[in-house]
Amino acid sequence: MNACHTLRITTDLSAPKDGKLIDKKASPETVALLEQLKQISKNGFAIGHQDATAYGVNWRYKDSLNAYWSDIKDVAGDYPAVYGFDLGHIELGSDHNLDTVSFDLMRDLIRKASAKGGIITLSWHLNNPTTDGSSWDTSRSVQDILKGGSKREKYELWVSRLADFLNSLEDFNGRKIPVIFRPFHEMNGSWFWWGAGSSTSDEYKALWVETLSLLINKHNIHHLIYAYSPNTINSENEFNRFYPGDRYVDILGVDIYNHNGDEAFVKDVTENLKIIKKLAEEKNKIFALTETGNTKKPTADWWTRVLYPSVKDSGITWLLLWRNARPNHYFAPFLGIISEQDFILFKSFKDTLFLNEINLIKSSPSSQKNLSNQQEQ
Ligand code: BMA
């Protein structure tokens, strides 16, 4: 009932540009996270890694070892600042996600990362509710799960399972851990069932708003910050095509990989972030490079020659390197990789912020000064 009240699909003409979270009942920890993110972007950009502590190219988390490993830590001497995890298959009631990370382990790793001052971002490669195929089954489905659709009941069940997991994310003091939630990403591409090939922009926007309404109003979830991120865009219009509106999005993002080579990557990232920066400033919101990485043959200096010049001074709050799954599918450095030394150089730059650095930003109001002191040592 109040669902319709607080979250309606409206034009955004009256959306406030007060820089506050869209969820007016957001918990104090969630409000504090947004403030920290804003501070971070004044100092540089936080470095993130998907599944950072769950596995790497040459290892997998084993309970018995009780270890807290990370490829980035091995190479650079500090942990990432941002931790990405994917909730795909939580909707099925499965005990592990689509990449075989158990949800119990994920909860544990989220709790540990958060206790150490890390920032959590969650994506959701959920199955196709109409066919039960994967996220990549592009049979039309969005129309079926909107209010009144034939698979609505099933979708609500799926969202309730998602909500249960989100609600179980508590810190060691029993407080909900604030997380950045980034559902239905890369919608301008045509590889997911919620994407451009299978959903109209109106259907997509309705899916976004209705899902938020279920989480916020039905399940009383107030520890999420919502991020919207298309894949590489060609224009502002393309960014806006599926944008559900300023009332329903906290953070603007974009996912960009170098599928077309380094030169195209530098150009894409630079131009995309310029477009998004302009929009973010107009809306008084922060923005991020929500997924990135080198998909080509490894080169020794990719970090400082390709990635760094693309993001330096762009204004992003963080960038997230995708997962280190196996020898032919990895995005962050690991011990022995050809670009190891270059990543250490990348880390030494003032504006690339790892876990220790964002902890300084969190803990002290004069963090900017502390941070530069620390880095000059
Ligand atoms: C993709 C790939 C897949 C994975 C999915 C969700 O980009 O890494 O192997 O299943 O992300 O993590």
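Parameters and conventions
Residues numbered from 1 in each chain as written. Predicted model: local features only at pLDDT ≥ 70, side-chain atom pairs only at ≥ 80, totals over all residues. Heavy atoms only, no water. Helix = DSSP H or I, 4+ residues; strand = E, 2+ residues; numbered from the N terminus. Rg over C-alpha atoms; globule rule 2.2 N^0.38 Å. Buried < 20%, exposed > 50% of the residue type's maximum accessible area, 1.4 Å probe, protein only. Areas by Shrake-Rupley, 256 points an atom, 1.4 Å probe, with all protein chains shown as cover. Lys, Arg positive; Asp, Glu negative; His and termini not counted. Charge placed at Lys NZ, Arg CZ, Asp CG, Glu CD. Near = heavy atom within 4 Å. Polar contact = N/O pair within 3.5 Å; in protein donor to acceptor, adjacent residues only side chain to side chain. Nonpolar A, V, L, I, M, F, W, Y, C, P; charged D, E, K, R; others polar. Pairing = 2+ DSSP bridges. Salt bridge = Lys/Arg side-chain N within 4 Å of Asp/Glu carboxyl O. Contact = heavy atoms within 4.5 Å. Core = buried A, V, L, I, M, F, W, Y, C linked by side-chain atoms within 4.5 Å. Axes fitted to C-alpha atoms, helices over the stretch in contact; angles between N-to-C directions. Parallel < 35°, antiparallel > 145°, perpendicular 65-115°, else oblique. Left-handed = near helix turned anticlockwise from the far one by under 90°. Phe/Tyr/Trp six-rings, centres within 6.5 Å; stacked < 30°, edge-to-face > 60°. pLDDT = per-residue confidence, 0-100.

K.L.:
What is the right way to look at the overall build of the protein in this model?
P.N.:
Within the protein, the secondary structure is distributed over 13 helices and 11 strands. For the protein, the C-alpha radius of gyration of 20 Å lies close to 21 Å, the compact-globule estimate for 377 residues. Taking all 377 residues of the protein together, 59% fall into the buried category. As displayed, the protein has an accessible area near 15300 Å², and 50% of this comes from carbon and sulfur atoms. Here the protein contributes 43 positive and 47 negative side-chain charges, whose respective centroids are spaced 3 Å apart.

K.L.:
Sorry, what's going on with the site of the ligand here?
P.N.:
Around the ligand sit Leu-98, Asp-99, His-125, Trp-136, Trp-322, Arg-323 and His-329, and that is every residue in its neighbourhood. The contact in question runs from an oxygen atom of the ligand to an N or O atom on the side chain of Asp-99, over 2.6 Å. Between an oxygen atom of the ligand and a side-chain N or O atom of Trp-322, the distance comes to 3.0 Å. For the ligand, whose free accessible area comes to 310 Å², the fraction covered by protein is 78%. For the shell around the ligand, a count of residues per class yields 3 nonpolar, 2 polar and 2 charged.

K.L.:
When you look at the pairing of strand S5 (residues 119-123) in this model, what are you seeing that I'm missing?
P.N.:
In the case of a regular strand, side chains alternate between the two sheet surfaces. Across the 5 residues of S5, 5 count as buried, placing the element largely inside the fold. Of the two faces of S5, the one lined by Ile-119, Thr-121 and Ser-123 and the one lined by Ile-120 and Leu-122 are each fully buried. With 5 bridges connecting them, strand S4 (residues 82-86) and S5 associate as parallel partners. Bridging from a neighbouring strand, Gly-84 pairs with Thr-121 of S5. Where S5 and strand S6 (residues 179-182) come together, 3 bridges link them in parallel fashion. Its bridge partner lying in S6, Ser-123 is registered against Arg-182.

K.L.:
Explain the side chain of Asp-51 to me, please; I cannot follow it from the model alone.
P.N.:
Residue position: Asp-51 is located in the loop between strand S1 (45-50) and strand S2 (55-56). Although buried, Asp-51 forms no salt bridge, and the nearest oppositely charged side chain, Arg-323, lies 4.6 Å from it. The residues touching Asp-51, leaving out its near neighbours within four places in the chain, are Gly-84, Phe-85, Asp-99, Val-101 and Arg-323.

K.L.:
What is the right way to look at the nonpolar core in this model?
P.N.:
Side chains of a nonpolar character, in soluble globular proteins, are inclined to be buried together. Ranked by size, the top nonpolar core spans 93 residues in total, and within it Leu-87, Leu-122, Trp-124, Phe-184, Trp-194, Trp-208 and Leu-215 carry the most contacts. For this core, the leading source of residues is helix H7 (residues 201-218), giving 9 residues. Not counting the four nearest positions on each side in its chain, Trp-208 is found in contact with Pro-183, Phe-184, Tyr-226, Ala-227, Tyr-228, Pro-244, Tyr-248 and Val-249. In this structure, Leu-37, Ile-40, Ala-81 and Trp-318 belong to the second largest nonpolar core, which totals 24 residues.

K.L.:
Would you explain the packing of helix H9 (residues 262-283) against helix H10 (residues 302-311) in this entry?
P.N.:
Describing two packed helices takes the angle between their axes plus the distance from one axis to the other. Interhelical geometry of H9 versus H10 gives an angle of 25° and a closest axis separation of 8 Å. The angle between H9 and H10 places the two elements in the roughly parallel class. Crossing of H9 over H10 shows right-handed handedness. Two secondary-structure elements touch here, H9 through Asp-262, Phe-265, Val-266, Val-269, Thr-270 and Leu-273 and H10 through Trp-302, Arg-305, Val-306, Leu-307, Ser-310 and Val-311. Split into classes, the residues belonging to the contact of H9 with H10 amount to 8 nonpolar, 2 polar and 2 charged.

K.L.:
Mind showing me how you'd approach the packing of aromatic side chains here?
P.N.:
Remark: the centre distance and the inter-plane angle together describe each pair of aromatic rings, the angle taken between the planes. Tallied over the full model, the rule gives 29 aromatic pairs. Aromatic side chains Trp-208 and Tyr-228 sit 6.0 Å apart centroid to centroid with 75° between the ring planes, which places their arrangement in the edge-to-face category. Residue Trp-208 is found in helix H7, and its partner Tyr-228 is found in strand S7 (residues 224-228); the two are separated by 20 residues along the sequence. For Trp-208, a relative accessible area of 0% corresponds to the buried category. Pairing Trp-303 with Phe-346 gives two aromatic rings, centres 6.0 Å apart and planes at 45°, and the pair type is tilted. Placement of Trp-303 in helix H10 and of Phe-346 in helix H11 (residues 340-348) is noted, with a sequence separation of 43 residues between them. Phe-346 shares its class with Trp-303; the two are buried.

K.L.:
Help me out: how do you make sense of the packing of helix H6 (residues 152-167) against H7 in this one?
P.N.:
Closest axis-to-axis distance for the H6/H7 pair is 10 Å, and the angle between their directions is 55°. Classified by the angle between their axes, H6 and H7 sit oblique to one another. The interaxial crossing formed by H6 with H7 has right-handed handedness. When H6 is examined against H7, the residues Arg-152, Tyr-155, Glu-156, Val-159, Leu-162, Ala-163 and Leu-166 are found in contact with a partner set consisting of Leu-207, Glu-210, Thr-211, Leu-214, Leu-215 and Lys-218. For the contact of H6 with H7, the per-class residue count stands at 8 nonpolar, 1 polar and 4 charged.

K.L.:
Would you take a moment to explain the confidence of the model for the protein for this structure?
P.N.:
Regions with low pLDDT carry predicted coordinates that are not meant to be interpreted in detail. On average, residues of the protein score 93 in pLDDT, and 91% of them are at 70 or above. This model gives residues 1-6 a pLDDT under 50, and the stretch forms 5 contacts once residues within four places in sequence are excluded. This model gives residues 364-377 a pLDDT under 50, and the stretch forms 18 contacts once residues within four places in sequence are excluded.

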